[in-house]
Amino acid sequence: MTPTPDTLLDGTHTVLTPEYVEFRFTLAGVYSRFIAWLIDALIVGFATMVVLLVFQVAMAAFPGFASALGIVVYFLVDWGYGISLETAWAGQTVGKRVMSLRVIQESGVRIGFYHAALRNLARVVDRLPLLYLVGGSVALVSRSHQRLGDLLAGTIVVRERRLKMPSALETRGEEGLLADPLFVSRVKRLSTEERELVLSAALRREELRLEARLTLFSALGARLQDSLAMEKPAHLSDEKWTLLVAAALLPAPGARPGRPASGPRSTSPGPRSPSTTSAYPR
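Residues numbered from 1 in each chain as written. Predicted model: local features only at pLDDT ≥ 70, side-chain atom pairs only at ≥ 80, totals over all residues. Heavy atoms only, no water.

- Taking an unreviewed UniProt entry as the reference, the chain is identified by name as RDD family protein belonging to Corallococcus macrosporus.
- Under the UniProt heading Subcellular location (unreviewed entry), the entry covering the chain gives this text: "Membrane". (UniProt positions renumbered as here; feature names shortened; annotations may be inferred.)

Take a look at the structure:
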């Protein structure tokens, strides 16, 4: 995916997919980012104190190195905290999670170790001369509210939105496909990238214009037929086919967290009609 030239419009970052479908992300403001940093700074400060207590004996033996050791330990803890959590939590630290913020790439996808390392190592310059004066000033004038570390890593900080689950994904028992073990088992074998793509399209479909929506689900429908090695039933549209795949990815009601959910049981005791039973294996 590639960003559009105008990446900032009323505090939003727009991403244009190869299918010419636009996704908009709400940019995080400087104030919310400062509060998130303050929470993280308190955690880093506490962790630094714990580490320094461990080295207390060494510091007592070499008092001249105490201040230097404290500075080194602080930066190591600060860098390790930011890099490890943003890598493991897909762009979030404790402070960002509390404030519902997330770091993503400018292309709209999740960051990796490389991006987390670059943006956190650049904090040394961003926090100069005090309290992120340099980074905050750059973010205020940047088109996408990016500090120097974000500009270097090609990342932005966005505010997470709580999207309501579409009703089409909640009425799972009404579709015979979702009771087909073959269909459900093949859906569970989709890659992580394909799962994120399907669920993101299902949750954000109402935000798309009609033409873009048809184009997106047409491409997704064809890709899912190849990935699942199953033909789409003729009576289903590409969008409905994709929504059924998304529904099969969701945990079944009452399923234990962390365990794969099995396909929902049919609500009808009798055999299913041929028109709604399954997709056909290739």
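There is more to say after this.
1. Concerning a nonpolar patch on the surface
Then comes step 1: Judged by side-chain polarity, Val124, Val125, Leu128, Leu148 and Leu151 come together as a nonpolar surface patch covering roughly 370 Å² of accessible area.
Then comes step 2: Elements supplying a minimum of two residues to the nonpolar patch: α6 (123-126) and α8 (148-153).
Then comes step 3: Here leucine 151 shows up in helix α8.
Then comes step 4: The exposure class assigned to leucine 151 is partly exposed, which follows from its relative accessible area of 45%. (Patch = residues over 30% accessible without salt bridge, like charges linked within 9 Å, V, L, I, M, F, W, Y side chains within 5 Å. Areas by Shrake-Rupley, 256 points an atom, 1.4 Å probe, with all protein chains shown as cover. Salt bridge = Lys/Arg side-chain N within 4 Å of Asp/Glu carboxyl O. Helix = DSSP H or I, 4+ residues; strand = E, 2+ residues; numbered from the N terminus. Buried < 20%, exposed > 50% of the residue type's maximum accessible area, 1.4 Å probe, protein only.)

2. With respect to the layout of surface pockets
Any space left empty among the atoms is revealed by the rolling of a water-sized probe across them.
Then comes step 1: Size it by volume and the second largest pocket reaches roughly 440 Å³.
Then comes step 2: Together, 26 residues line the second largest pocket, and Arg33, Phe34, Trp37, Arg123 and Tyr132 are the ones closest to its centre.
Then comes step 3: When residues of the lining of the second largest pocket are traced back to their parent elements, those giving at least two are α1 (30-54), α3 (66-88), α5 (113-121) and α7 (133-141).
Then comes step 4: Broken down by element, the lining of the second largest pocket gets its largest block of residues, eight residues, from α1.
Then comes step 5: Residues belonging to the lining of the second largest pocket are distributed by class as follows: 13 nonpolar, five polar and eight charged. (1 Å grid on protein atoms, 1.4 Å probe; cavity = no way out; pocket = protein on both sides within 12 Å on 5 of 7 lines; lining within 4 Å. Points joined across faces, edges and corners; volume = space filled by probe spheres on them. Nonpolar A, V, L, I, M, F, W, Y, C, P; charged D, E, K, R; others polar.)

3. Comments concerning empty space enclosed by the protein
Then comes step 1: Counted under the stated rule, the structure contains one cavity of 30 Å³ or more.
Then comes step 2: Space inside the largest cavity adds up to approximately 30 Å³.
Then comes step 3: In terms of lining residues, the largest cavity is bounded by Glu194, Leu197, Leu220, Arg223, Leu224 and Ser227.
Then comes step 4: Listing elements by their share of the lining of the largest cavity, those giving two or more residues are α10 (192-204) and α11 (210-228).
Then comes step 5: Top element by residues in the lining of the largest cavity is α11. It accounts for four residues.
Then comes step 6: In terms of residue class, the lining of the largest cavity is made up of three nonpolar, one polar and two charged.

4. Focus on the nonpolar core
Then comes step 1: In terms of nonpolar packing, the biggest core is built from 20 residues, with Phe183, Val187, Leu228, Trp241 and Val245 touching the most fellow members.
Then comes step 2: Mapped onto this core, the elements with two or more residues apiece are α9 (181-188), α10, α11 and α12 (238-249).
Then comes step 3: Considering each element in turn, this core owes the most residues, eight residues, to α12.
Then comes step 4: Ignoring anything within four residues of it in the chain, the contact list for valine 245 reads Phe183, Val187, Leu190, Val198, Leu224 and Leu228.
Then comes step 5: Val15, Phe23, Phe25 and Leu27 belong to the second-largest nonpolar core, a separate cluster that totals 12 residues. (Core = buried A, V, L, I, M, F, W, Y, C linked by side-chain atoms within 4.5 Å. Contact = heavy atoms within 4.5 Å.)

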